[in-house]
Amino acid sequence: MTNVSPFDILHLPFMNIVVMGPQGSGKSTQAELLAKKLRLPHVSTGDIFREIAKRDSELGHRISEKLSHGEMVDDADIMKVVGEHLAQSKFSNGFVLDGFPRNLYQAQNSNHPVNQVFHLKVSDKEGIKRLLKRGRADDSLKTISARLRLYHKLTEPVLTFYREKGILQEINGEQSIKKIHQEILSHL
Ligand code: AMP
C-alpha cells in the first residue's frame, strides 16, 4: 500500500496524539520527531509556560514561581491556556502534544479528544541522569526530584485512565532516539 496517511488508518478526521513520560524520558524529542513525520503541529505545554513565565504580568509571575520550584501550574491556568491554544484552527487536523494532561482532572476535563497515547517508560535513575546532563534552568536535583514525585503521584493515574480506554501504547524509553521513533511509528 502506498500513500496511505495515518488519518486513513484511524478513520478519523483528526489525529490528536499525546506523548507521555517522566522528566528525562525524551518525550519532547519524540513528540517533535513524530510531529514532523506526520506533518502535524507539535505542542509542548512546558515551552508554552516557559514563554509565559518571561512576561511581566500577573499570570507570568504566577507561572514563573511554579516553574522555578518544579511545581505544577494550577489547573485553572492550565485549562485556560491550553484550551485557548489548542482551539486555534491550525490544530484542527490534529497535533502531537507533550506535557498535557499531567493529572486526572486535566485528562477528564479537556475538550480535545485523544486518539492515541504513547508512554515512554524510563526509570527514575536514568531520567535523573539525563536531566542533570541537559542542565535546563529548572533542572536542579531538587526540582527534578520534586517533578518526579509529582509525576508518580499525579501523572501515573492518567496512564491508567488511557490504558482503560484502550489507547495507551507502552514504549521502552531507554533505547536510542531512532529506535524509539521507529517503534512509535510502527504502532500508528
Ligand atoms: P516540561 O517541559 O513538560 O517538563 O514542563 C515544565 C514545567 O511546566 C513543569 O514542571 C510544570 O511546572 C509546567 N507544566 C507544563 N505542563 C503542565 C501541565 N499540564 N500541568 C501543570 N504544569 C505543567
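Rules used throughout
Residues numbered from 1 in each chain as written. Predicted model: local features only at pLDDT ≥ 70, side-chain atom pairs only at ≥ 80, totals over all residues. Heavy atoms only, no water. Pairing = 2+ DSSP bridges. Helix = DSSP H or I, 4+ residues; strand = E, 2+ residues; numbered from the N terminus. Axes fitted to C-alpha atoms, helices over the stretch in contact; angles between N-to-C directions. Contact = heavy atoms within 4.5 Å. Core = buried A, V, L, I, M, F, W, Y, C linked by side-chain atoms within 4.5 Å. Buried < 20%, exposed > 50% of the residue type's maximum accessible area, 1.4 Å probe, protein only. Parallel < 35°, antiparallel > 145°, perpendicular 65-115°, else oblique. Left-handed = near helix turned anticlockwise from the far one by under 90°.

Student: Mind showing me how you'd approach the sheet that holds strand E3 (residues 94–98) here?
Tutor: By way of backbone hydrogen bonds, the strands of a sheet pair with one another, either parallel or antiparallel. Overall, parallel pairing links the five strands, which are arranged E2-E3-E1-E4-E5 in an open sheet. Looking along the sheet, the strands with just one partner apiece sit at the ends: strand E2 (42–44) and strand E5 (168–172). Geometrically, the sheet is characterised by an average inter-axis angle of 20° between neighbouring strands, direction not taken into account. Bridge analysis of strand E1 (residues 15–20) against strand E4 (residues 116–121) gives four bridges, and the strand direction is parallel. Bridged to Val19 within E4 is Phe118. In the packing of helix H3 (residues 45–52) onto the sheet, the strands contacted are E2 and E3, and the crossing angle to E2 comes to about 55°.

Student: Is there a simple way to think about the environment of Glu71 in this case?
Tutor: Checked against the element boundaries, Glu71 lands in the loop between helix H4 (58–68) and helix H5 (75–86). For the pair Glu71 and Arg134, spaced 63 residues apart in sequence, the C-alpha to C-alpha distance is 19 Å. Every residue in contact with Glu71, bar those within four places of it in the chain, is listed here: Lys66 and Leu150.

Student: Which parts of the structure should I look at to understand the nonpolar core?
Tutor: For soluble globular proteins, nonpolar side chains are generally found buried alongside one another. Phe49 and Tyr162 are the most contacted members of the largest nonpolar core, which totals 27 residues. Residue assignment for this core shows that the elements contributing at least two residues are E1, H3, H4, H5, E3 and helix H8 (141–165). Setting aside residues up to four positions removed in sequence, Tyr162 forms contacts with Met20, Pro101, Ala107, Val114, Val117, Ile167 and Leu168. Within the second largest apolar cluster, 14 residues are counted, among which are Ile17, Ala31, Ala35 and Ile171.

Student: Please clarify how unusual backbone geometry should be interpreted in this entry.
Tutor: The amide bond that connects Phe100 to the next residue, Pro101, takes the cis arrangement and shows omega of -5°. Following the sequence through the fold, Pro101 ends up in the loop between E3 and helix H6 (104–109).

Student: I'm lost on the packing of helix H2 (residues 27–38) against helix H9 (residues 177–186) in this one. Help?
Tutor: Helix-helix packing is described using two parameters, namely the angle between the two axes and the distance between the axes. The geometry of H2 relative to H9 is characterised by a closest axis approach of 10 Å and an angle of 55° between their N-to-C directions. What the angle tells us is that H2 and H9 run oblique. Crossing hand, H2 versus H9: right-handed. Facing H2, whose interface residues are Thr29, Gln30, Leu33, Leu34 and Lys37, H9 presents Ile177, Ile180, His181, Ile184 and Leu185.

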